[in-house]
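The lines below spell out each chain.
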Amino acid sequence: MARPVTTIEDLRVIAKRRVPKMFYDYADSGAWTESTYRANQADFAAIKLRQRVAVDMRDRTLATTIAGQPASMPVALAPTGLTGMQHADGEILAARAAEKAGVPFCLSTMSICSIEDVAEHATKPFWFQLYVMRDREFSSSLIARAKAAGCSALVLTVDLQILGQRHKDIVNGMTAPPKLTVKNILDMAIRPRWSLGMLGTQRRTFRNLVGHAKGVSNLSSLSSWTAEQFDPALSWDDVKRIRDEWGGTLILKGILDPEDAEKAAETGADSIVVSNHGGRQLDGAVSSISALPDIVSAVGNRIEVLMDGGVRSGQDVLKAVALGAKGVMIGRAFLYGLGADGEAGVTKCLDIIRKELDVTMALCGHRDIRNVGREILVPGTLPSPARHAEHRAEAALAAAE
Ligand code: GLV
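Bear in mind that the values here come from a model prediction, so they are computed numbers and not experimental data.

Peer 1: Please explain the packing of aromatic side chains as it appears in this structure.
Peer 2: Geometrically, a pair of aromatic rings is defined through the distance of the ring centres and the angle of the planes. Inspection of the entire model under this criterion finds 3 aromatic pairs. Residues F23 and W194 carry aromatic rings whose centres are separated by 6.0 Å and whose planes lie at 20 degrees to one another, so their mutual orientation is stacked. A residue pair is termed long-range when its members are at least 10 positions apart, and F23 in helix α2 (residues 21-27) and W194 in helix α9 (residues 192-199) qualify at 171 residues. Residue class for F23 comes out buried when judged on its relative accessible area of 1%. Look at Y24 and Y336: their rings are 6.5 Å apart centre to centre, the planes differ by 25 degrees, and that puts the pair in the stacked class. A residue pair is termed long-range when its members are at least 10 positions apart, and Y24 in helix α2 and Y336 in helix α15 (residues 332-363) qualify at 312 residues.

The structure is reproduced here in structure tokens:
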């Protein structure tokens, strides 16, 4: 009998078996030494929770809003590139699992299924993530397509003007679709489930771009596409221009520094996502969870703060909420579910996180996620720079007394 799946790690292990190496590695890697990628998880693990007893734990609720939209728990599916290469039609399946679970799904610009593909199969509005391109006409056409598809928020990624190097993608020669080399054919042949799925779909390359973007020589390679197309001159004025062009709910993703958070808040965006792009961009940057408290103190009263990076459990979600995040985005956690078992795997991932979050919140003495705050965390266990913020807050309190 198969071992029951009880954790996100279980899903990861199955996904690693089922997904061809180049795509599993693409999702599961960080830039250069991967130190920031590892810090995202390690810093979550270091934070300790305060156990409370003999408090009423009946009638609990995880329901909240993210970017002004209802969510059954403070979790959204992050925009992840090449999701449809973890499993055939991956973006459509993940969007379906998210809508059934009552959480937002965000489609990446670098998706395999297009905006139109997802819109055709989704029954609820989803979010669209935009990279700022040199070709403004093309950026505008993506915004227009997202509007036409009824997308309910635009997530503008501001931390990937140029691509951080991920060694594994270079070694694996990662492209979508994969090049038909002997090595790749063998790798796909030993994963018949994945390969049959791919044979049964037409969606095997970057469908937001193919047939839409002009003058790109090698569309199948992420690195050459980003180098040719992404705008290295992106500025806060561009962000404001896109805000006006979109005109709807705007989320700025990729803020890791309080000074940038200030600038982001000035743009009038609805939310920011504290993020280091899952450790895939600046290797050596601080973990997202350690950057969160300073950013919340800087701008939390002016703009909604979300976070991503390293979330692998409901306990992690609770810690982020306790440190002031209105919600978190999960990327790899849901990709593992998708690679392991398609839509059912994403549903499993969301179920695991929901149950962990619910019980952990109760054991910390809370019944409503909206009331959870820093009091559930053991002081002194927050990773720096979060610990610095804590010490500063204590010093300010002491000075005020
Ligand atoms: C962006 O799409 C990435 O690969 O991190």
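Moving on from the model shown.
Peer 1: What should I look at first to understand the site of the ligand in this one?
Peer 2: Around the ligand, a shell composed of Y26, Y131, L160, R166, L222, H277 and R280 is seen. Here an oxygen atom of the ligand and a side-chain polar atom of H277 are 2.9 Å apart. Class assignment for the residues of the shell around the ligand results in 4 nonpolar, 1 polar and 2 charged.

Peer 1: What exactly am I supposed to notice about helix α14 (residues 314-322) here?
Peer 2: One turn of the α-helix equals 3.6 residues, which is why residues spaced by three or four share an orientation. Of all 9 residues making up α14, 8 are buried, and the element is well covered by its neighbours. Residues of α14 that are buried: G314, D316, V317, L318, K319, A320, V321 and A322. Elements that come into contact with the buried residues of α14 comprise α3 (35-46), β3 (75-77), α13 (288-299), β9 (304-308), β10 (327-330) and α15. Two or three places before Q315, at the start of α14, stands the capping residue S313, its side-chain oxygen 3.4 Å from that residue's backbone nitrogen. Looking one or two residues beyond α14, the residue adopting positive phi is G324, at roughly 105 degrees.

Peer 1: What is the right way to look at the pairing of strand β6 (residues 153-157) in this model?
Peer 2: Remember that side chains alternate between the two faces of the sheet whenever the strand is regular. Judged by how many residues are buried, β6 sits mostly within the fold: 5 of 5 residues are covered. Side chains of β6 alternate between two faces, with A153, V155 and T157 and L154 and L156 buried alike. In this view, the connection linking strand β5 (residues 127-130) to its parallel neighbour β6 by way of helix α6 (residues 136-148) has right-handed handedness.

Peer 1: What exactly am I supposed to notice about the environment of M329 here?
Peer 2: Mapped onto the elements, M329 comes out in strand β10. Judged by relative accessible area, M329 falls into the buried class, the value being 2%. Remark: the alpha-carbon pair of M329 and I8, spanning 321 residues in sequence, is separated by 15 Å. Apart from the residues lying within four places of it in its own chain, the contact partners of M329 are A76, A78, P79, W127, V155, K253, V273, M307, D308, G309 and V311.

Cut-off values and rules
Residues numbered from 1 in each chain as written. Predicted model: local features only at pLDDT ≥ 70, side-chain atom pairs only at ≥ 80, totals over all residues. Heavy atoms only, no water. Phe/Tyr/Trp six-rings, centres within 6.5 Å; stacked < 30°, edge-to-face > 60°. Helix = DSSP H or I, 4+ residues; strand = E, 2+ residues; numbered from the N terminus. Buried < 20%, exposed > 50% of the residue type's maximum accessible area, 1.4 Å probe, protein only. Near = heavy atom within 4 Å. Polar contact = N/O pair within 3.5 Å; in protein donor to acceptor, adjacent residues only side chain to side chain. Nonpolar A, V, L, I, M, F, W, Y, C, P; charged D, E, K, R; others polar. Contact = heavy atoms within 4.5 Å. Right-handed = clockwise from strand over helix to strand, strands pointing away.

These results come straight from atomic positions and should not be treated as a statement about function.
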